[in-house]
Amino acid sequence: MVEHLLLTGSEGFIGSHLFDLLDGDGHYEVRQFVGDITREEDVVRNLRGIDTVANLAALTYLPTSWS
């Protein structure tokens, strides 16, 4: 059985490598998050049909994340 995995942060350094690794292994159907992770509508839409989430989305500028 193929597991449906949602990957956030797939355009970052680690996320892009994880996407490449998991997408072709045959165990996962990997979907990349589309939208804004801070918008509830985008999160709900992306979670339809998903079994597992790998959350690698982050702010790269630390002072912004502290506020």
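This is a predicted model, so every value here is computed, not measured. (Residues numbered from 1 in each chain as written. Predicted model: local features only at pLDDT ≥ 70, side-chain atom pairs only at ≥ 80, totals over all residues. Heavy atoms only, no water.)

I'd love a proper account of the sheet that holds strand β1 (residues 3–8), names of residues and values included.
Adjacent strands of a sheet form backbone hydrogen bonds with each other and so pair up, either parallel or antiparallel. Taken in spatial order, the three strands of this open sheet run β2-β1-β3, and their pairing is parallel. Of all strands in the sheet, those with a lone pairing partner are β2 (28–32) and β3 (52–55), marking the two edges. Neighbouring strand axes in the sheet, compared pairwise and without regard to direction, differ in orientation by 25° on average. For β1 and β3, the ladder comprises four bridges, and the chain directions are parallel. In the sheet register, threonine 8 faces β3, and the bridge partner there is asparagine 55. Docked against the sheet, helix α1 (residues 13–23) engages β1, β2 and β3, running at close to 150° with respect to β2. The strands that helix α2 (residues 40–47) touches are β1, β2 and β3; relative to β2, the one it contacts most, it runs at about 160°. (Pairing = 2+ DSSP bridges. Helix = DSSP H or I, 4+ residues; strand = E, 2+ residues; numbered from the N terminus. Axes fitted to C-alpha atoms, helices over the stretch in contact; angles between N-to-C directions. Contact = heavy atoms within 4.5 Å.)

So what about α1? Which residues, and what values?
Each turn of an α-helix holds 3.6 residues, which means side chains three or four residues apart point in the same direction. What α1 keeps buried is the set Gly15, Phe19 and Leu22. Axial view of α1: buried residues confined to an arc of 80°, hence all on one face. Away from its buried face by more than 90 degrees, α1 exposes Phe13, Ile14, Asp20 and Leu21. On the buried face of α1, the contacting elements are β1 and β2. (Buried < 20%, exposed > 50% of the residue type's maximum accessible area, 1.4 Å probe, protein only. Arc of directions from axis to C-beta.)

Without other data, these values stay purely geometric and don't point to any function.
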